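Below are the chains, spelled out letter by letter.
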Amino acid sequence: MLPIPPEEEALVDEYTTKVARLMYKYTEPEKLKDFESIEVEVRNQIVELVAPKIGEFFFQKGEKSVQGTSEK
């Protein structure tokens, strides 16, 4: 990974906090009782909600580069 400038790292922090608040808001209270259940829930939410969106973004960006290269 390339170095991220401090101002953009601050944006990552801000957006991550917003996502965390939303995920927390929609988590069943019984899944917030202990560290283990919180960890499992956070991992599940990241796998189900966050990772696919990030993966799609990287795939689309990479796909455009591959297409652009093959067309030349």
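Higher on the page you've got the structure.
Before going into details, it helps to say that this report is about the structure given with it. This structure is a prediction, so every number in the text was calculated from the model and none was measured.

### Thoughts on the pattern of salt bridges
Part 1: Considering all chains together, one arrives at four salt bridges under this definition.
Part 2: One salt bridge in this structure joins Glu28 and Lys31, with 3.6 Å as the shortest N-O distance.
Part 3: Measuring nitrogen to oxygen at the nearest pair gives 3.4 Å for the salt bridge that ties Lys31 to Glu41. Remark: Glu41 occurs in helix 2 (residues 35-71) and Lys31 occurs in the loop between helix 1 (6-25) and helix 2; sequence separation between them is ten residues.
Part 4: For Lys31, a relative accessible area of 31% gives the class partly exposed.
Part 5: Judged by its relative accessible area of 11%, Glu41 is buried.
Part 6: It is possible to trace a salt-bridge network through shared partners that takes in Glu28, Lys31 and Glu41.

### Topic: the environment of Asp34
Part 1: Mapped onto the elements, Asp34 comes out in the loop between helix 1 and helix 2.
Part 2: Residue Asp34 is classed as partly exposed on the basis of its relative accessible area of 40%.

### So, a nonpolar patch on the surface
Part 1: Taken together, Met1, Ile4 and Val12 make up a surface patch of nonpolar side chains, about 350 Å² in accessible area.
Part 2: Here Val12 lies in helix 1.
Part 3: Owing to a relative accessible area of 44%, Val12 belongs among the partly exposed residues under this scheme.

### Comments concerning the side chain of Ser37
Part 1: Tracing the backbone through its elements, the reader meets Ser37 in helix 2.
Part 2: Among the polar contacts made by the side chain of Ser37, one reaches the main-chain carbonyl oxygen of Lys31 at a distance of 3.4 Å.
Part 3: Residues within four places of Ser37 in sequence aside, it is in contact with Glu30, Lys31 and Leu32.

Rules behind the numbers
Residues numbered from 1 in each chain as written. Predicted model: local features only at pLDDT ≥ 70, side-chain atom pairs only at ≥ 80, totals over all residues. Heavy atoms only, no water. Salt bridge = Lys/Arg side-chain N within 4 Å of Asp/Glu carboxyl O. Helix = DSSP H or I, 4+ residues; strand = E, 2+ residues; numbered from the N terminus. Buried < 20%, exposed > 50% of the residue type's maximum accessible area, 1.4 Å probe, protein only. Patch = residues over 30% accessible without salt bridge, like charges linked within 9 Å, V, L, I, M, F, W, Y side chains within 5 Å. Areas by Shrake-Rupley, 256 points an atom, 1.4 Å probe, with all protein chains shown as cover. Polar contact = N/O pair within 3.5 Å; in protein donor to acceptor, adjacent residues only side chain to side chain. Contact = heavy atoms within 4.5 Å.

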